[in-house]
Amino acid sequence: MLLHSAGRPLVMTETPEPNPGSQEIVVKVAACGVCRTDLHVVDGELRQPKLPIIPGHEIVGHVIALGRDVDTFKLGDRVGIPWLGWTCGICSYCRNGQENLCEQARFTGYQIDGGYAERAVVDHRYCFPIPDGISDVEAAPLLCAGLIGYRAYRMAGPVRSLGLYGFGAAAHILIQVANAQGVKVFAFTRPGDTERQAFARQLGAVWAGSSDASPDEPLDAAIIFAPVGALVPLALKAVRKGGTVICAGIHMSDIPRFPYELLWGERTVRSVANLTRQDAIDFLALAPTIPVRTYPVSYPLADANRALADLRAGRVEGAAVLVVQEPAKNWIDSGKSTSFQGEEEALP
């Protein structure tokens, strides 16, 4: 499903079978989550995509071809491919454990073709084994909604009470982690969204209400998943002195002016930018121990535009996931070579 220009529907297109560069693998996609970041790419709010581009960065599938220098995976392994697709490895950010801030970083479904497709090509150093005991469709949302939520949660530090503004794919995963660690979660939704509030309570929220409402007690921290800048002063008002407000989206509308007294008292506002590979390693090890459920809503690959429209309109409870189905074929044939020795690299 190819995006040719911002604001236009994706178009189903036949492309050549991909061959991996020396550090790459080819993955037969089974499922790909539909993330709000995909909406930002499709709608033109993120303005530096490779065009045309295949969106999608919550990818689960099986390895069907290996580049010559790949030694971390074998044919048939189930892997997950997240947003971070490549970093330079030599800049000050990369050397200091902040590869998520690398100026040269490239991202899946944005500068690298993603998972709204039957095949995906990825640098093997930027994908991860998927734990057993969870289906492809259930695992897909863990690779961005789960990872970004977990990174934001760790930024909040040790807390006893946590507000989640916007109760979509990321929040419904994170609430399960927080509850397992004894944190009280307060869920904030669009005004009047009683169904989403009921879903939050079902998953363990001690309070659920409109984003403009006040919780029963001051919060230690709040995480804003909705891309709405006007939520920042509301969240600041809800947290205690010394509390933290974390903006967890890659795009947000402008933050309005607000009185200094909302920030005073050593409150902090900070953002989350992308993710690191260590985030993925840590969270994918933690998720099965809870265990995290992702409540996926499945769509055929050909219905990617409908899935995006449903997400844009707030009609998805849980996480939207594209399911890739194709005629049965033995993609791992021991009688044929699926190791590639070509010199060319798709990425530097």
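Residues numbered from 1 in each chain as written. Predicted model: local features only at pLDDT ≥ 70, side-chain atom pairs only at ≥ 80, totals over all residues. Heavy atoms only, no water.

(A) Main features of the sheet that holds strand E10 (residues 207-210). Spatial ordering of the open sheet is given by E10-E9-E8-E11-E12-E13, a layout of six strands whose pairing is parallel. Every other strand in the sheet has two partners, leaving E10 and strand E13 (268-271) as the edge strands with one partner each. Within the sheet, the average angular offset between the axes of one strand and its neighbour, ignoring direction, is 20°. Two elements, strand E12 (residues 239-247) and E13, share four bridges in a ladder whose sense is parallel. Bridging from a neighbouring strand, Thr244 pairs with Thr268 of E13. (Pairing = 2+ DSSP bridges. Helix = DSSP H or I, 4+ residues; strand = E, 2+ residues; numbered from the N terminus. Axes fitted to C-alpha atoms, helices over the stretch in contact; angles between N-to-C directions.)

(B) A look at the packing of aromatic side chains. The final tally for this structure, using the stated rule, is eight aromatic pairs. Between Phe199 and Tyr295, the aromatic rings sit 5.5 Å apart at their centres with planes inclined by 85°, giving edge-to-face as the arrangement. Of this pair, Phe199 sits in helix H6 (residues 194-202) while Tyr295 sits in the loop between helix H9 (277-286) and strand E14 (296-300); the two residues are 96 residues apart in sequence, bridging distant segments of the chain. We classify Phe199 as buried; its relative accessible area is 3%. Judged by its relative accessible area of 22%, Tyr295 is partly exposed. (Phe/Tyr/Trp six-rings, centres within 6.5 Å; stacked < 30°, edge-to-face > 60°. Buried < 20%, exposed > 50% of the residue type's maximum accessible area, 1.4 Å probe, protein only.)

(C) Spotlight on the packing of helix H4 (residues 145-156) against H9. Taken N-terminus to C-terminus, the directions of H4 and H9 make an angle of 100°; their axes are 10 Å apart at the nearest point. The angle between H4 and H9 places the two elements in the roughly perpendicular class. Of the residues in H9, those in contact with Gly146, Leu147, Tyr150, Arg151 and Arg154 of H4 are Asp279, Ala280, Asp282, Phe283 and Leu286. Looking at the contact of H4 with H9 residue by residue, the class counts come to five nonpolar, one polar and four charged. (Parallel < 35°, antiparallel > 145°, perpendicular 65-115°, else oblique. Contact = heavy atoms within 4.5 Å. Nonpolar A, V, L, I, M, F, W, Y, C, P; charged D, E, K, R; others polar.)

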